[in-house]
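# Descriptive structure summary
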Amino acid sequence: MSGGILRIVFTGEDLARVRIAARIDELWEMAMSVHVLQKPGGGPDLNLWRRQARADLAATGLLKQVRHTLVPLMPIKAYFPDFLTPYEAQTGRHDGIDALAGTPRGRVRRELDQLRRHAALPAALDDLARGEQRAITGLARLADRYGRTVLAPHRTTMEHALGRERARLARLLTDQGVEAMLAALAPRIRWRPPALEADYADGRYEIHLRGRGLTLIPSYFCRYTPVALADPSLPPVLIFPAPRRTPAPAPGDALPDLLGATRARILRHIAGTTGCTTSELARRTGTSLSSASAHAQVLHRTGLITSTRHTNMVIHQITHLGADLIRHRESRAKHQTSED
């Protein structure tokens, strides 16, 4: 899978500036999913997504453009252009697409020249390689349409997987500190102070953070080895695979009479994770942010969950009392069903 190593060297200041991406970075997911399209495997979830994505791209007339434009730009190699995954995408898809469309022409030319050292570019990309603005704008439009066609329908599944991973890391950061969180990125990533080492696609690549910190971006479509930007002058990021396990099914319908339907659903969703934020809870249960927050506050006051603030997030976790309540009510429901 890999034959190289990535080494990210921290200072004490960098440890204080590690952050976890707050949402899906759709342009990184675009890049990683284009890799998934190119190579079979990755488990049943990605195999299913690959088949559906190809069918949807064909139905919308995008399959040929993806094959002739996105695939050559994002080969499964040690390098693809950094401008395809702008930092601005961390604040939302539209910001990322706008940043891609606004990439300076000179940067596009330089990074495509670098790509040519690793892979051949088809003649269809000559205008882009020359840095022509129309081609850059057209690439951004294609990236936007690709995301709306094959990523947006899969967003709920992605939110579940990435939300669990963000909550896990945030809990470790809050409870045990940044070094424990970095150590928990195993198995392909290893914390060996003062450096984070990872299996890498090829060769040896070393990044010295020098006080800039590091943004950790869990990815649904990243399959094997972590990925970092090639240009050391750009804001440092580390993209790494997040577990894609399917959430456990919810317990039987025994709690609503006690807690109310919405509050029972919220408690069960919290119990099914290692921790989740209020916004993730709202998305998972189909409630408004204010409603999810209000219900979580009640559950917190009654001791069924804990709610821990970390920067601008509140992480909710089930308590022993909450878990016991769910098990007890489920057991009673099953017992009554067997008697009937």
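Here's a quick rundown of the structure. Computed from a prediction, not measured in an experiment: that's the story for all the values here. (Residues numbered from 1 in each chain as written. Predicted model: local features only at pLDDT ≥ 70, side-chain atom pairs only at ≥ 80, totals over all residues. Heavy atoms only, no water.)

## Focus on the pairing of strand β7 (residues 237-241)
Burial analysis of β7 places 4 of its 5 residues in the buried class, which makes it a mostly covered element. As judged from the 5 bridges shared by strand β6 (residues 214-219) and β7, these two strands associate in the parallel manner. Bridging from a neighbouring strand, Ile217 pairs with Ile239 of β7. (Buried < 20%, exposed > 50% of the residue type's maximum accessible area, 1.4 Å probe, protein only. Helix = DSSP H or I, 4+ residues; strand = E, 2+ residues; numbered from the N terminus. Pairing = 2+ DSSP bridges.)

## As for the sheet that holds strand β3 (residues 189-192)
Strand order in the open sheet made by the 4 strands is β3-β4-β1-β5, with mixed pairing throughout. Only two strands of the sheet have a single neighbouring strand rather than two, namely β3 and β5 (204-208). Adjacent strand axes in the sheet meet at a mean angle of 20°, parallel and antiparallel pairs treated alike. Two elements, strand β1 (residues 4-9) and β5, share 5 bridges in a ladder whose sense is parallel. The partner of Ile8 across the bridge, within β5, is Ile207. (Axes fitted to C-alpha atoms, helices over the stretch in contact; angles between N-to-C directions.)

## Overview of the packing of aromatic side chains
Aromatic ring pairs are described here by two measures, namely the spacing of the ring centres and the angle between the planes. Inspection of the entire model under this criterion finds 5 aromatic pairs. Seen in terms of ring centroids, Tyr220 and Phe221 are 5.0 Å apart; in terms of plane orientation they differ by 75°. Their pairing is edge-to-face. By relative accessible area, Tyr220 is classed as buried at 2%. The class for Phe221 is buried, based on a relative accessible area of 1%. (Phe/Tyr/Trp six-rings, centres within 6.5 Å; stacked < 30°, edge-to-face > 60°.)

## Some points on the pattern of salt bridges
Considering all chains together, one arrives at 18 salt bridges under this definition. Glu26 is the salt-bridge partner of Arg155, the closest N and O atoms lying 2.5 Å from each other. Taken together, the residues Arg155 in helix α9 (residues 155-176) and Glu26 in helix α2 (residues 26-38) connect sequence positions 129 residues apart. Residue class for Glu26 comes out buried when judged on its relative accessible area of 13%. A salt bridge links Arg116 to Asp113; the shortest N-O distance between them is 3.2 Å. Here the residue Arg116 and the residue Asp113 both occupy positions in helix α6 (residues 105-116), the gap between them amounting to 3 residues, near one helical turn. Taking the relative accessible area as the measure of exposure, Arg116 reaches 40% and is therefore partly exposed. Classification of Asp113 by relative accessible area gives partly exposed; the value is 41%. Within this structure, Glu26, Arg93, Asp144, Arg148, Arg155, Glu159, Arg166 and Glu280 form a network of salt bridges that share partners. (Salt bridge = Lys/Arg side-chain N within 4 Å of Asp/Glu carboxyl O.)

## Examining the layout of surface pockets
To locate leftover empty space, one rolls a probe as large as a water molecule over the atoms. Counted as a void, the largest pocket has a volume near 680 Å³. Taken together, 31 residues line the largest pocket, and the ones lying closest to its centre are His35, Lys77, Ala78, Ala201 and Thr225. Secondary structure elements with two or more residues in the lining of the largest pocket: α2 and β5. Tallying contributions element by element places α2 first for the lining of the largest pocket, with 4 residues. For the lining of the largest pocket, the class distribution of residues is 19 nonpolar, 6 polar and 6 charged. (1 Å grid on protein atoms, 1.4 Å probe; cavity = no way out; pocket = protein on both sides within 12 Å on 5 of 7 lines; lining within 4 Å. Points joined across faces, edges and corners; volume = space filled by probe spheres on them. Nonpolar A, V, L, I, M, F, W, Y, C, P; charged D, E, K, R; others polar.)

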